[in-house]
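Descriptive structure summary
Single-letter residue listing:
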Amino acid sequence: MKIIVCLKQVPDTNEVKINQETGTLIRDGVPSIMNPDDKNALEAALQLKDNEQAHIVALSMGPPQAKEVLQEALSMGVDEAILISDRKFGGSDTWATATILSAAIKKIADYDIIFCGRQAIDGDTAQVGPEIAEFLNIPQITYVKEIHKTPKNTLEVSRFTEYGDYTYEVKTPVLLTAIKELNTPRYPNVKGILEHFGKTDSVQIFTFDDLPVDATQIGLKGSPTNVFRSFVPVKNKHSEILHGETVKDSTNLLVNKLAEANLI
Ligand SMILES: Cc1cc2nc3c(=O)[nH]c(=O)nc-3n(C[C@H](O)[C@H](O)[C@H](O)COP(=O)(O)OP(=O)(O)OC[C@H]3O[C@@H](n4cnc5c(N)ncnc54)[C@H](O)[C@@H]3O)c2cc1C
């Protein structure tokens with residue numbers, strides 16, 4: 001079985017600051033991490049490999065420093081790591097990002113499962129995974145919280161929704177997007193860290209010239225959407241505690257408040 005896991009390097013959101021003048025993220029001096037949902041995606045791939053023969057390819061697109069998340073993935077047990085990196089890819093929106101990742105996935109070929117995280121904590125769109133599936137014309141299941149291999153060589157996959165959980169049986173190739181409820185990601189092991197961290201040759205690089213992508217469909221110019229403005233929302237929520245003598249009094253106070261606000 002061949003599994004591809006898409007990993008994005010993101011700024012640690014506890015530290016993220018926005019330049020109020022330009023509306024862009026201040027990335028200088030901000031620590032970067034592997035996107036949290038992608039860690040669950042990676043763990044799911046590693047657990048499948050724990051139980052049967054599998055080859056896992058970790059794939060990331062980003063500047064050269066994104067190599068760090070791939071080295072982390074290698075130290076956790078993936079077999080191959082590829083960084084897609086080229087100035088021509090800079091400024092890509094989700095559509096362009098998915099176009100480039102899909103081209104790389106086609107080049108890797110013969111995959112059974114593609115894992116993505118549900119969403120990246122910086123862009124937060126949750127669009128890239130579904131877009132990749134559309135570009136590759138394969139089925140997708142998002143918000144995945146449980147995966148089992150069946151004796152028929154299909155996958156039984158449960159997805160979480162606000163209306164309840166749904167379980168599907170799906171043939172491969174398939175794209176799955178992981179949520180944190182799927183598993184608890186393992187730590188890199190010491191042997192893996194020694195083998196892969198700081199080594200420049202453990203990550204393969206794909207540049208623009210390696211991929212059959214149309215230059216007009218990628219980067220800032222090829223992106224159909226542009227960020228108009230970024231800002232930190234002002235917190236202006238006020239809370240009020242209603243004190244009634246009895247439960248009935250409290251309920252009446254609440255009903256009156258809701259009626260005043262035209263909510264009921
Ligand atoms: C402040 C800000 C504003 C943005 N505004 C827009 C906008 O208006 N329109 C728009 O289209 N995009 C926007 N983006 C998205 C930006 O272009 C993204 O970095 C990129 O396109 C991926 O989108 P995402 O981060 O939302 O990923 P998501 O769709 O949330 O990511 C889902 C999953 O896809 C995979 N994935 C995503 N990106 C990569 C990658 N580079 N390498 C490997 N795997 C990956 C990961 O598995 C990830 O968990 C914005 C980003 C930022 C930081």
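Owing to the predicted nature of the structure, the values given are computational and were not obtained by experimental measurement.

1. So, the nonpolar core
- If you look at the biggest cluster of nonpolar residues, it comprises 35 residues, and the most contacted ones within it are Ile-3, Val-5, Leu-42, Phe-115, Ile-147 and Leu-176.
- With six residues, helix H1 (residues 36-51) is the largest single contributor of residues to this core.
- When residues no more than four places from it in sequence are discounted, the contact partners of Ile-3 are Ala-45, Leu-48, Ala-54, His-55, Ile-56, Val-57, Ile-113 and Phe-115.
- In terms of nonpolar packing, the next biggest core, distinct from the first, is built from 28 residues, Leu-101, Tyr-111, Leu-136 and Ile-138 among them.

2. A look at the pattern of salt bridges
- According to the stated counting rule, one finds 12 salt bridges in the structure shown.
- Of the charged contacts in the structure, one is a salt bridge between Glu-52 and Lys-149, with a shortest N-O distance of 3.0 Å. Taken together, the residues Glu-52 in the loop between H1 and strand S6 (55-61) and Lys-149 in strand S9 (residues 140-149) connect sequence positions 97 residues apart.
- Overall, Glu-52 belongs to the partly exposed group, its relative accessible area being 29%.
- Since its relative accessible area comes to 31%, Lys-149 is described here as partly exposed.
- Where Glu-195 meets Lys-191, a salt bridge forms, and the shortest distance between an N and an O atom there is 3.1 Å. On the criterion of helical spacing, the pair formed by Glu-195 and Lys-191 is a turn pair, its members being four residues apart in helix H5 (residues 190-196).
- We classify Glu-195 as partly exposed; its relative accessible area is 36%.
- For Lys-191, a relative accessible area of 59% puts it in the exposed group.

3. Section: the site of the ligand
- Taken together, 29 residues are adjacent to the ligand, and Lys-8, Asp-38, Ser-92, Ala-120 and Thr-125 come closest.
- Between the ligand and Asp-38, the relevant distance is 2.4 Å, taken from an oxygen atom to a side-chain nitrogen or oxygen of the residue.
- Summarising the interface, the protein chains cover 85% of the accessible area of the ligand, which totals 930 Å² for the free molecule.
- Looking at the shell around the ligand, the elements with two or more residues in it are S6, helix H3 (94-108) and strand S8 (113-117).

4. Some remarks on helix H7 (residues 247-260)
- Here H7 is 14 residues long and its end C-alpha atoms lie 20 Å apart, about the 20 Å a rise of 1.5 Å per residue gives.
- Downstream of H7 by a residue or two, Asn-262 has a phi angle that is positive, lying close to 60 degrees.

5. Some points on the pairing of S6
- For S6, a buried count of six out of seven residues is recorded, marking the element as mostly surrounded by other parts of the structure.
- One ladder, built from five bridges, connects S6 with strand S7 (residues 80-84); its direction is parallel. Across the sheet, Ser-60 pairs through a bridge with Leu-83, a residue of S7.
- Note that the unit made of S6, helix H2 (residues 67-76) and S7 has a crossover that is right-handed.

6. Quick word on the packing of H3 against helix H4 (residues 128-136)
- Axis separation between H3 and H4 bottoms out at 9 Å; the angle between their running directions is 50 degrees. Taken together, the axis directions place H3 and H4 in an arrangement best described as oblique. Between H3 and H4 the crossing geometry is right-handed. Two secondary-structure elements touch here, H3 through Thr-94, Trp-95, Thr-97, Ala-98, Thr-99, Leu-101, Ser-102, Ile-105 and Lys-106 and H4 through Val-128, Glu-131, Ile-132, Phe-135 and Leu-136.
- Split into classes, the residues belonging to the contact of H3 with H4 amount to eight nonpolar, four polar and two charged.

What counts and how
Residues numbered from 1 in each chain as written. Predicted model: local features only at pLDDT ≥ 70, side-chain atom pairs only at ≥ 80, totals over all residues. Heavy atoms only, no water. Core = buried A, V, L, I, M, F, W, Y, C linked by side-chain atoms within 4.5 Å. Buried < 20%, exposed > 50% of the residue type's maximum accessible area, 1.4 Å probe, protein only. Helix = DSSP H or I, 4+ residues; strand = E, 2+ residues; numbered from the N terminus. Contact = heavy atoms within 4.5 Å. Salt bridge = Lys/Arg side-chain N within 4 Å of Asp/Glu carboxyl O. Near = heavy atom within 4 Å. Polar contact = N/O pair within 3.5 Å; in protein donor to acceptor, adjacent residues only side chain to side chain. Areas by Shrake-Rupley, 256 points an atom, 1.4 Å probe, with all protein chains shown as cover. Expected span 1.5 Å × (residues − 1). Pairing = 2+ DSSP bridges. Right-handed = clockwise from strand over helix to strand, strands pointing away. Axes fitted to C-alpha atoms, helices over the stretch in contact; angles between N-to-C directions. Parallel < 35°, antiparallel > 145°, perpendicular 65-115°, else oblique. Left-handed = near helix turned anticlockwise from the far one by under 90°. Nonpolar A, V, L, I, M, F, W, Y, C, P; charged D, E, K, R; others polar.

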